[in-house]
Amino acid sequence: MSEIICITNRLLCYEPIIDRIKAVVSAHPDRVILREKDLNEYEYKRLAEELTALCSEKNVQITLHSYYRTAYELGVKSIHMPIHLLKNMTAEEKSFFEEIGTSCHSVEDALQAQRLGASYIIAGHIFETDCKAGLPGRGLEFIYKVKKSVGIPVYAIGGISAENASDVISAGADGICIMSGFMKSNDPSGFVSALREVKQNNE
């Protein structure tokens, strides 16, 4: 079963990030990854506290990003770590988490992530996107190659929408990650419904 995952980026929002997150969580994606990695840890923790409570109330999976000590303090056992930070985590630091994800931009990255104990990979970017302006997408074949190279779930990111999500899932992705669509949608519930229809048609 493929997952629908929201990646947050308050810089893309038209309103305060907490208002946007409330709307997204109410739309019930499978997971929200609180990215916001440019915030310092104190600022990040304050936002994470609010989001953790919201996700718990709506029964949506929450994954924190980079600040694993904040995750310890909040009791969040799912963390997404950039691969250069994952390399530096000790076995003891990793042992707290039930799930550790990382982002990969090559098959070599994916293999390294698996060796480092990653539970899942976010692979991208698949299609051209405003977040990576001017950089061509790696294409659907990239998802296929990464999926064939590892034995852990592979989620796709980059320019994914309801119009192309079926192709991404057919290429082998275990889920789709969307940032701009969630951060900018005027109708998050309708957006998730359209994605769920694609998901159901591919199951």
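For the structure, see preceding data.
Numbering of residues starts from 1 in each chain and follows the order in which that chain's sequence is written. Totals for whole chains, interfaces and linings use all residues, but because this is a predicted model, local features are given only for residues with pLDDT of at least 70 and pairs of side-chain atoms are given and counted only at 80 or more. Heavy atoms throughout the structure, all of them, feed into the side-chain values; hydrogens and water do not.

In this scheme Phe, Tyr and Trp rings, the latter by its six-membered ring, pair at centre separations within 6.5 Å, and the angle between planes marks the pair as stacked below 30 degrees, edge-to-face above 60, and tilted otherwise. In the structure shown here, the tally under the stated rule is seven aromatic pairs. Judged by centre distance (5.3 Å) and plane angle (40°), the ring pair of Y120 and Y155 falls under tilted. Taken together, the residues span a long stretch of sequence, with Y120 in strand β6 (residues 120-123) and Y155 in strand β7 (residues 154-157) at a distance of 35 residues. Here F182 and F191 contribute two aromatic rings whose centre-to-centre distance is 5.1 Å and whose plane-to-plane angle is 90°, an arrangement assigned as edge-to-face. Through a chain of ring-to-ring contacts, three or more aromatic side chains come together here, namely Y68, Y72, F96 and F97. We note R31 situated over the ring of Y120; from NZ or CZ to the ring centre the distance is 5.1 Å. The helix and strand labels rest on DSSP assignments: H or I over at least four residues marks a helix, E over at least two residues marks a strand, and numbering proceeds from the N terminus. Think of it as a cone above the ring: NZ of Lys or CZ of Arg counts as a charge over the ring if it is within 6 Å of the ring centre and within 35 degrees of the ring normal.

With that settled, consider unusual backbone geometry. Going from G124 to H125, the amide bond is cis rather than trans, its omega being -5°. Here H125 lies in the loop between β6 and α7 (140-149). Despite not being glycine, S66 has its phi angle at roughly 75°, a positive value. Considering the arrangement of structural elements, one finds S66 in the loop between β3 (61-65) and α3 (68-74).

All right, on to the packing of helix α6 (residues 107-115) against α7 then. For helices, the axis comes from a line fit to the C-alpha atoms of the stretch in contact; other axes are also lines fit to C-alpha atoms, and the angle between any two N-to-C directions lies between 0 and 180 degrees. In the contact formed by α6 and α7, the axes pass within 9 Å of each other and the chain directions differ by 30°. One way to sum up the angle between α6 and α7 is to call them roughly parallel. Relative to α7, α6 is oriented so that their crossing is right-handed. From α6, V107, A110, L111 and Q114 reach across to α7, where they touch F142, K145, V146 and S149. Ten residues, namely Ala, Val, Leu, Ile, Met, Phe, Trp, Tyr, Cys and Pro, are considered nonpolar, four, namely Asp, Glu, Lys and Arg, are considered charged, and the remaining ones, Gly among them, are considered polar. In terms of residue class, the contact of α6 with α7 is made up of five nonpolar, two polar and one charged. Orientation is classified from the angle alone, with under 35 degrees giving roughly parallel, over 145 giving roughly antiparallel, 65 to 115 giving roughly perpendicular, and any other angle giving oblique. Here a crossing is called left-handed whenever its near helix is offset anticlockwise from the far helix by less than a right angle, and right-handed whenever the offset is clockwise. Only heavy atoms enter the contact rule, under which two residues are in contact if any of them lie within 4.5 Å.

Another aspect to go through is the pairing of strand β8 (residues 175-178). Burial along β8 is two-sided: the residues G175 and C177 and I176 and I178 are all buried. Only strands joined by at least two bridges in the DSSP assignment are considered to pair. With four bridges connecting them, strand β1 (residues 3-7) and β8 associate as parallel partners. In the strand pairing of β8, E3 is matched with G175. Sheet topology places β7 next to β8; three bridges connect them, and they run parallel. The buried label goes to any residue with under 20% of its type's maximum accessible area, the exposed label to any with over 50%, and the partly exposed label to all in between, with areas taken from a 1.4 Å probe on protein chains only.

Tracing the chain through its elements places S78 in strand β4 (residues 78-80). Polar side-chain contacts of S78 include one of 2.6 Å to the side chain of E99. Aside from chain neighbours lying at most four places away, what touches S78 is R31, Q61, I62, T63, L64, F97 and E99. We define a polar contact as two N or O atoms separated by no more than 3.5 Å, with the added condition that, inside protein, one atom must be a possible hydrogen donor and the other a possible acceptor, whereas residues neighbouring each other in sequence contribute only through side-chain atom pairs.

Another point: the packing of helix α1 (residues 17-26) against helix α2 (residues 41-58). Put simply, α1 and α2 touch, their axes get as near as 10 Å, and they point 20° apart. Between α1 and α2, the angle falls in the class roughly parallel. Note on packing geometry: the crossing formed by α1 with α2 is right-handed. Of α2, the residues touching α1 (which contributes I17, I18, I21, K22, V25 and S26) are L47, E50, L51, L54, C55 and K58. Tallied by class, the residues present in the contact of α1 with α2 amount to eight nonpolar, one polar and three charged.

Moving on: the sheet that holds β3. Pairing is parallel around the closed barrel formed by eight strands, whose spatial order is β1-β2-β3-β4-β5-β6-β7-β8. If you compare each strand with its neighbour and ignore which way they point, the axes differ by 25° on average. In terms of strand pairing, β6 meets β7 through three bridges, oriented parallel. Opposite I122, over in β7, you have Y155 as the bridge partner. Packing against the sheet, α2 makes contact with β2 (31-34) and β3, and its axis sits at approximately 170° to β3.

What follows concerns the nonpolar core. Counting residues in hydrophobic clusters, the biggest one holds 70 residues, and the most contacted among them are L64, I176, F182 and M183. The dominant element in this core, judged by the number of residues it contributes, is α2, at six residues. Dropping the residues within four chain positions of it, M183 is found in contact with C6, I7, T8, N9, L12, C13, I17, R20 and V24. For this analysis, a nonpolar core means a set of buried residues of the types Ala, Val, Leu, Ile, Met, Phe, Trp, Tyr and Cys, connected via side-chain atoms within 4.5 Å.

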